Every structure is written in structure tokens, then in C-alpha cells.
Amino acid sequence: MLSELQHDKIAHYFRVVLDQDRNGILQEQDFRAISESLCILWRFKPDTDDYERVIAEGRRNWELFREHFEKMGGEATEFQFLKFYETMLGPGGEELYEKFVTRTVGTIFDSFDLNGDGVISINEYSDMFMCYHIPIRYSAKAFVKLDRNGDDHITKQELMEAVDEFFKSSDPKSPGNWLFGFWGDR
Ligand SMILES: [Ca+2]
Ligand SMILES: [Ca+2]
């Protein structure tokens, strides 16, 4: 069972981070919207190899999800999405967690480390909020929470810790709850 806090955070992840067009279902167009935002951030112009590569990557991420939701009987609604995470976070779900969470977040980290110095600065972190259209007013607060040693950078280690807390912690004080901003707004 997901705790109430886990439920709220994962619903926030669905609504605010993934369901870009806010129609209540994850579809290819949501993943495409994120890919297009990334191309704008990186200044990749349409019809270039870089652009096509990013769009193709988004499509592959979508295919991974689609396969799973088809097995679960259809569309990737918020309800199904929460059920999917409940399975993933339950006993025996480690492999799925690795496939859908750990790997995806590794990619996110590399995507937003724009200058390639191996850490995320506050500007790079705010870029992520803008790309995913996450309400930006929480980005500074979230950054401070995730930067546990206070050196003004988020390392991959700090990010992975936050990711684990975001999905697994039921403690309202866990810093990782803030990964995608405040989760309680509706
Ligand atoms: Ca959608
Ligand atoms: Ca740090």
C-alpha cells in the first residue's frame, strides 16, 4: 500500500511532471512535449540530427510506459499510474523500479547538467522546472532541500537520494519529497 504522502507525491508527479497537456492520460504527445522543451533548452533546431535524436528518445520512453499500461489493460490514467507505482514499490518490484525510475532519473540528471561538470547548479535545476512546466516558485526551496551538504550543487548522489525519498519515503520531513517542487497544490 502507498502511504497518503506517497500517493500525493506520485499523483503530483503524474499531473505536473508527466501529463504535460493535463488531459488526465499519459500519451505519446506528453512525452513529445517534454522532448520539444528539451530541444528548445539546448537550442536544437527541427530537422537536425540532434533534434531527431531527442524526439526519438522521448518516443522510446513513451513506448516503455505504453507496453506496461497495455499489459495492465489500457490507458495510462492517474489511477492506473498510481497502481503501477504501488506494484513497483511493493515486494518484488525492484526490477521495475530500476527500469522506470533509476534509469530515467540518471538520464534527467545528464540532460540538465548543461555544462557537463557533473553537478547540477541552481540554474540548471530551474531549467528542469521550466522544461517540465513545474511551478517555478518552489524551485529555489527545493534546490536547498536537495543540496544536503549545502555546497550549492546537487551531485548525482544527492539526486538519487532525493529520488528514493520522493518515491519511497512517508516522512513529511524528507528533503527528497521536494524533488519536483511542492506536491500538495491542486
Ligand atoms: Ca496527457
Ligand atoms: Ca551538494
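Since the structure is predicted, the reported quantities are computational estimates derived from the model, not experimental observations.

**Structural notes on the overall build of the chain**
1) Next: From N to C terminus, the chain includes 8 helices and 4 strands.
2) Next: Of the regular secondary structure in the chain, the N- to C-terminal order runs α-β-α-α-β-α-α-β-α-α-β-α.
3) Next: Compactness check: the chain gives a C-alpha radius of gyration of 16 Å against a globular reference of 16 Å for 186 residues, within 12% of the reference.
4) Next: Dimensions of the chain, computed from the C-alpha atoms along their principal axes, are close to 40 × 40 × 30 Å.
5) Next: Burial analysis of the chain (186 residues in total) assigns 28% to the buried set.
6) Next: The long-range share in the chain, meaning contacts at least 24 apart out of those at least 6 apart in sequence, stands at 53%.

**With respect to helix α3 (residues 49-71)**
1) Next: Between its first and last C-alpha atoms α3 spans 33 Å; for 23 residues at 1.5 Å apiece the expected length is 33 Å, and the two agree.
2) Next: Taken together, the buried positions of α3 are occupied by Val-54, Gly-58 and Trp-62.
3) Next: Downstream of α3 by a residue or two, Gly-73 has a phi angle that is positive, lying close to 105 degrees.

**Some details on the nonpolar core**
1) Next: Phe-81, Leu-146, Leu-159, Ala-162, Val-163, Leu-179 and Phe-180 are the most contacted members of the largest nonpolar core, which has 37 residues in total.
2) Next: For Val-163, the residues in contact, after removing those within four places along its chain, are Val-101, Val-105, Gly-176 and Leu-179.

**So, unusual backbone geometry**
1) Next: Here Arg-43, not a glycine, exhibits a phi torsion of approximately 60 degrees, which is positive.
2) Next: With respect to the secondary-structure elements, Arg-43 resides in the loop between α2 (28-41) and α3.
3) Next: You will see that His-133, though not glycine, has its phi angle at about 55 degrees, which is positive.
4) Next: With respect to the secondary-structure elements, His-133 resides in the loop between α6 (122-131) and α7 (139-146).

**Some thoughts on helix α1 (residues 4-18)**
1) Next: Helix length check: α1 (15 residues) gives 20 Å between terminal C-alpha atoms against 21 Å at 1.5 Å per residue, within 8%.
2) Next: Looking only at α1, the buried set comprises Gln-6, Lys-9, Ile-10, His-12, Tyr-13, Phe-14, Val-16 and Val-17.
3) Next: Those residues of α1 that are buried lie in contact with α4 (78-89) and α8 (156-168).

**What to know about the environment of Ala-142**
1) Next: Residue position: Ala-142 is located in helix α7.
2) Next: Overall, Ala-142 belongs to the buried group, with 25 C-beta atoms counted inside 10 Å.
3) Next: Ignoring any residue separated from it by four or fewer positions in sequence, one finds Ala-142 in contact with Trp-178, Leu-179 and Gly-181.

**Notes on the environment of Arg-137**
1) Next: Within the secondary structure, Arg-137 is located in the loop between α6 and α7.
2) Next: According to the C-beta neighbour criterion, Arg-137 is exposed, with 11 such atoms within 10 Å.
3) Next: On a C-alpha basis, the gap between Arg-137 and Ser-126 in space is 9.7 Å, while along the polypeptide they are 11 residues apart.

**A look at the packing of α1 against α4**
1) Next: At a minimum axis distance of 10 Å, the contact between α1 and α4 shows a crossing angle of 125 degrees. Judged by the angle between their axes, α1 and α4 are oblique. Handedness of the crossing formed by α1 with α4: right-handed. Counting all contacts with α1, which are made through His-7, Ile-10, Ala-11, Phe-14 and Arg-15, the residues of α4 involved are Glu-78, Phe-81, Leu-82 and Tyr-85.
2) Next: Tallied by class, residues from the contact of α1 with α4 come to 6 nonpolar, 1 polar and 2 charged.

Criteria and thresholds
- Residues numbered from 1 in each chain as written.
- Chains lettered and ligands numbered in written order.
- Predicted model: local features only at pLDDT ≥ 70, side-chain atom pairs only at ≥ 80, totals over all residues.
- Helix = DSSP H or I, 4+ residues; strand = E, 2+ residues; numbered from the N terminus.
- Rg over C-alpha atoms; globule rule 2.2 N^0.38 Å.
- Buried ≥ 20, exposed ≤ 12 C-beta atoms within 10 Å, placed from the backbone.
- Contact = placed C-beta atoms within 7 Å.
- Expected span 1.5 Å × (residues − 1).
- Core = buried A, V, L, I, M, F, W, Y, C linked by C-beta atoms within 7 Å.
- Axes fitted to C-alpha atoms, helices over the stretch in contact; angles between N-to-C directions.
- Parallel < 35°, antiparallel > 145°, perpendicular 65-115°, else oblique.
- Left-handed = near helix turned anticlockwise from the far one by under 90°.
- Nonpolar A, V, L, I, M, F, W, Y, C, P; charged D, E, K, R; others polar.

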